[in-house]
Amino acid sequence: MTSCFSKHPDKTRDKGFVALAAMALWSGAYTHAGYAAPISLEKSVAPVTDSIVSPASKARPNPTAAIRPLNTGQLDAGSLGPDPSAIKRPSNTPIPPSGVPILPSPGYATMSVPSYAPAGEEQGAAHTLELDALTNWEGPSGLLPPRLDALRRMDMNDPYYVPTAGTGHLVPFLNKPRAWMHDRGFTFSFTYKGEAMGVATGGLKKGVSYVHELTLQGIFDLERMARLKGWSVHALVMERAGKALQSGRLGENYIAMQEVYSLSGNVAAHLVDLYAEKRTLHNKLDVIFGRMSLTHVFATSPLLCSFMVTCSAPVALKQNPGFSVYPKATWGARVRLRPTRDTALQVGAYSVSALTDNPSGWSWGAENTTGLSLPVEFTWQPFLTRNRLPGHYVIGYAHDTTRYADKVASSLPAKVAATIPDRRSAPSDMFWLEADQMVYRLGGRNMMAGGYLMAGYVHVTPRVVNLSDQAYGGFSFVGLIPGRLTDRFGALYSWYHVSRRRRESQLIAQDAGLPLGAGVHGVQDNSHVIESYYAIDAAPGLLIQPSFQYMIHPGETHHIKDAAIIGLKLIANL
């Protein structure tokens, strides 16, 4: 076939650039060494093979490219073909050559609500997962230097996902029935997730804790079933069981060290999702409404969810009733669109009730609605350099109209609390910044085929929460061991700060000789958690993930020894 890539790529060039990628985003300056061989322009249309893939298979050519003259002395990144060695697909990947996985696919989860586009003519028969942009313009990416911006000539839209189980299926003979049901509008996945974590040193006492989760997810494509164009219905039921580690063995009440076993009610079938989705305006607007969790959509990312502590959102957000965290669901709706080819905007409105209300998920009438949560989130998604290194830069805000009690009274008897000046209830405001940037590509065209750097910050109204601030930073890399392109190694550091009103309450109680409250071992200030893992794509449908965590100041005090936690996470897909 005719290749649209350079035959002698300079690998050193991209590696040297990547180390300065974050700096170049803001400085706008980029210097570059000469090429070892001439670089050919990337064609707008080219055939697809299994090892080297043209971006045309998943890219929509920019209509303005034909009228924009080339600067032959300064080729832009969108004109250069990706390094063939960087996009060569591993032999065990289920992802099609285009780089766009057909979802819902066992072992993969999208950044937002797990979904696939119904079978419309302009949507590519359930293969297009990302929305089309409202305009053909570039947003902030247009301000980048030409050699940095790979969106100049064509889009490279694919879903932002992370492996959540080994590639393929544990039961391959079900593939034909799956395909038969998919062609008729129904897809499903059934997943087991188990976590065994043990305190090796420090904390309150040593020991091991086991928790597990069974999840059944189904999606009904109403366009195929009933010719309702753009409509689909999503449902998810789960069972969680076990005993959580953090409270009894660490003395920690705010930060869950294990992803599984929280807000599920310890019931056989906890209802998480039951909502409808409509794609309209020729795949330019996505609307969902019904029962759902906010953290399926807002303030989350696949990279965050590869770590146990921060899945499915930063801890400082998960404590808020106004931010219903998976698997806690509530009534709500969300609208998502892409104003430009490199930006996305989503807004929502959700009912608020206590996180402990309706633990089974089925007793909707038992929920005591206290207010309305109104989140909005903006994302800039650039693709950098010839290898199309994706980044996701997110800013979000949510206002919860519920009036919460002042935390300054949380550790005090009512008579003492009544004497505190400036004590008042208040609504909750949540603000978050999240950023990740791929710094090298290895193993394919999809967004998770490479290594990422990541960081974020969260602030919540200190008057009404226990944790008011969180900051984190880390990395998630693939292919560190030769021949293991689909294994992933990650490490994340997180800092948590107790709100000043909660701390003031404890100081008043301590000065008065009063107890600080159940499970509190001293006046609280901050804590730190370091988590690392190595996710092994062990067999079809099986992911094995050894994990290590180190917590500094468990319980946010200096009265409990720093704890080292060792464990194993296993995810299996039917």
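Criteria and thresholds
- Residues numbered from 1 in each chain as written.
- Predicted model: local features only at pLDDT ≥ 70, side-chain atom pairs only at ≥ 80, totals over all residues.
- Heavy atoms only, no water.
- Disulfide = S-S within 2.5 Å.
- Buried < 20%, exposed > 50% of the residue type's maximum accessible area, 1.4 Å probe, protein only.
- Helix = DSSP H or I, 4+ residues; strand = E, 2+ residues; numbered from the N terminus.
- Patch = residues over 30% accessible without salt bridge, like charges linked within 9 Å, V, L, I, M, F, W, Y side chains within 5 Å.
- Areas by Shrake-Rupley, 256 points an atom, 1.4 Å probe, with all protein chains shown as cover.
- Salt bridge = Lys/Arg side-chain N within 4 Å of Asp/Glu carboxyl O.
- Expected span 1.5 Å × (residues − 1).
- Arc of directions from axis to C-beta.
- Contact = heavy atoms within 4.5 Å.
- Phe/Tyr/Trp six-rings, centres within 6.5 Å; stacked < 30°, edge-to-face > 60°.
- Lys NZ or Arg CZ within 6 Å of the ring centre and 35° of its normal.
- Pairing = 2+ DSSP bridges.

Q: Quick one: what's the story with the state of the cysteines, residue by residue and with numbers?
A: Following the criterion strictly, the structure yields one disulfide and no others. Two residues, C305 and C311, share a disulfide whose sulfurs are 1.7 Å apart. For C305, a relative accessible area of 26% corresponds to the partly exposed category.

Q: Would you mind going over the side chain of H234 in detail, with residue names and values included?
A: Looking at the secondary structure, you find H234 in strand β5 (residues 231–242). When its relative accessible area of 2% is taken as the criterion, H234 is described as buried.

Q: How would you explain a nonpolar patch on the surface if you had to name every residue and give the values?
A: Residues V347, V376, F378, I395, Y397, F431 and L433 make up a contiguous nonpolar surface patch of roughly 520 Å² in combined accessible area. Elements supplying a minimum of two residues to the nonpolar patch: β10 (371–380), β12 (389–404) and β13 (426–441). Of note, V347 is situated in strand β9 (residues 343–352).

Q: Describe helix α9 (residues 500–511), with residues and values.
A: Taking 1.5 Å as the rise per residue, α9 with twelve residues should run 16 Å; its terminal C-alpha atoms sit 16 Å apart, in good agreement. Of the positions making up α9, those classed as buried are R501, R502, S505, Q506 and A509. Looking down the long axis of α9, one finds its buried residues gathered within 140° of arc, a one-sided arrangement. Turning to α9, the residues buried within the fold contact β16 (488–498). Taken from the residues just after α9, G513 is the one with a positive phi, measuring 75°.

Q: Residue-level account of the packing of aromatic side chains, with values.
A: Applying the stated criterion across every chain yields a total of eleven aromatic pairs. A centroid spacing of 6.2 Å and a plane angle of 15° characterise the contact between F186 and F188, whose relative ring orientation is stacked. On the basis of relative accessible area, F186 is assigned to the partly exposed category, the value being 22%. When the centroid spacing of 5.4 Å and the interplanar angle of 80° are considered together, the rings of F323 and W432 count as edge-to-face. Of this pair, F323 sits in the loop between α7 (315–318) and β8 (330–337) while W432 sits in strand β13, and the two are 109 residues apart along the sequence. For F323, a relative accessible area of 0% puts it in the buried group. Taken together through their ring pairs, the aromatic side chains of Y440, F475, F477 and F489 make up a single cluster. If you follow R178 out to its NZ or CZ, it ends over the ring of F188, 4.6 Å from the centre. Between the NZ or CZ atom of R291 and the centre of the ring of W331, over which it lies, the distance is 5.2 Å.

Q: Describe in detail the pattern of salt bridges, supporting the description with residues and values.
A: In total, this model carries 15 salt bridges according to the counting rule given. For R279, the salt bridge goes to E277, with nearest N and O atoms at 3.8 Å. For the pair shown, R279 and E277 are each scored as buried. Of the charged contacts, one joins R463 and D406 as a salt bridge, the two residues approaching to 2.6 Å between their closest N and O atoms. Remark: D406 occurs in the loop between β12 and α8 (414–417) and R463 occurs in the loop between β14 (450–460) and β15 (467–478); sequence separation between them is 57 residues. With respect to burial, R463 and D406 carry one shared label: buried. Residues joined by salt bridges that share partners form a network here, namely D406, D422, R463, R501 and E504.

Q: Describe the pairing of strand β18 (residues 542–552), naming the residues involved and giving the relevant values.
A: Where strand β17 (residues 526–539) meets β18, nine bridges bridge the pair, whose relative direction is antiparallel. Counterpart to I536 in the pairing with β18 is I544. Linking two consecutive strands that pair antiparallel, namely β17 and β18, is a turn of two residues; a positive phi of about 80° is found at G541 within it. Where β18 lies against strand β19 (residues 561–573), ten bridges are found, and the strand directions are antiparallel. Within β19, the position partnered with F548 by the bridge is I566.

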